[in-house]
Amino acid sequence: MAFNGNSGNGAPSEYITLISSDDFEFTVLREAALISKTISRTLSNPMMEARTGVCHFPEIRGVVLEKVVEYFHYWYKHRDQLDVPDMPIPVELCLELLMAADYLGMDSKPASRDAF
């Protein structure tokens, strides 16, 4: 079951839910997921996703979205560090991860964490 997009007091929830093409659900820290330009734009407009905090990605498989979510948290954990170790990426997912990154608008990192 997906989390509600609002925290009860009208403010956005601290977490959002991403759903893959094969119906896997991932609960993600909102601030970490906002590195994606696509997710950021989706959650900042008056569409249903902004109200519910749930984003469906019918073009991204669960195994790929799982790695994207892992990257969101990896980026968030290391966002203020200069020398960040590489995150391991399975070779067999490279092409799909590139396509997902392009779709999600993750072609460049934000200038600062305060950009959101």
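That block above? That's the structure.
Quick caveat: nothing in here was measured; it's all calculated off a predicted structure.

Calculation notes
- Residues numbered from 1 in each chain as written.
- Predicted model: local features only at pLDDT ≥ 70, side-chain atom pairs only at ≥ 80, totals over all residues.
- Heavy atoms only, no water.
- Helix = DSSP H or I, 4+ residues; strand = E, 2+ residues; numbered from the N terminus.
- Expected span 1.5 Å × (residues − 1).
- Buried < 20%, exposed > 50% of the residue type's maximum accessible area, 1.4 Å probe, protein only.
- Phe/Tyr/Trp six-rings, centres within 6.5 Å; stacked < 30°, edge-to-face > 60°.
- Pairing = 2+ DSSP bridges.
- Axes fitted to C-alpha atoms, helices over the stretch in contact; angles between N-to-C directions.
- Contact = heavy atoms within 4.5 Å.
- Core = buried A, V, L, I, M, F, W, Y, C linked by side-chain atoms within 4.5 Å.
- Salt bridge = Lys/Arg side-chain N within 4 Å of Asp/Glu carboxyl O.

## Here we look at helix α4 (residues 62-78)
Its 17 residues give α4 an end-to-end C-alpha distance of 24 Å, which sits within 8% of 24 Å, the value for a rise of 1.5 Å per residue. Inspection of α4 places Gly62, Val64, Leu65, Lys67, Val68, Val69, Phe72, Tyr74, Trp75, Tyr76 and His78 among the buried residues, and these make up the whole buried set.

## Quick word on the packing of aromatic side chains
Enumeration according to the criterion identifies two aromatic pairs in this entry. Taken together, a centroid distance of 6.2 Å and an interplanar angle of 90 degrees make the contact between Phe57 and Tyr103 edge-to-face. Taken as a pair, Phe57 in the loop between β3 (54-56) and α4 and Tyr103 in helix α5 (residues 94-103) lie far apart in primary sequence, 46 residues in all. The exposure class of Tyr103 is partly exposed, given its relative accessible area of 40%.

## Re the sheet that holds β3
What the three strands build is an open sheet, ordered β2-β1-β3; its pairing is mixed. In this open sheet, the two strands that pair with only one neighbour each are β2 (25-29) and β3. In this sheet, adjacent strand axes meet at a mean angle of 25 degrees when their direction is disregarded. Across five bridges, strand β1 (residues 15-19) lies against β2 in antiparallel orientation. The residue of β2 that forms the bridge with Thr17 is Thr27. Along the sheet, α4 contacts β1 and β2; its crossing angle with β2, the most-contacted strand, is approximately 10 degrees.

## Topic: the nonpolar core
Soluble globular proteins: nonpolar side chains tend toward being buried together. Leu18, Val28, Ile39, Phe57, Val68 and Phe72 are the most contacted members of the largest nonpolar core, which has 26 residues in total. For this core, the elements supplying multiple residues, two or more each, are β1, β2, α1 (30-33), α2 (37-43), α4 and α5. Here the element with the most residues in this core is α4; it accounts for seven residues. Residues within four places of Phe72 in sequence aside, it is in contact with Leu18, Val28, Ala32, Ala33, Ile35, Ser36, Ile39 and Met106.

## A few points about the pattern of salt bridges
Summed over all chains, the structure comprises two salt bridges. Where Arg61 meets Glu96, a salt bridge forms, and the shortest distance between an N and an O atom there is 2.7 Å. With Arg61 in the loop between β3 and α4 and Glu96 in helix α5, this pair connects stretches of sequence that are 35 residues apart. A salt bridge links Lys67 to Glu70, with the shortest nitrogen-to-oxygen separation between them at 3.3 Å. You can see Lys67 and its partner Glu70 sitting in helix α4, three residues apart, about one turn around the helix.

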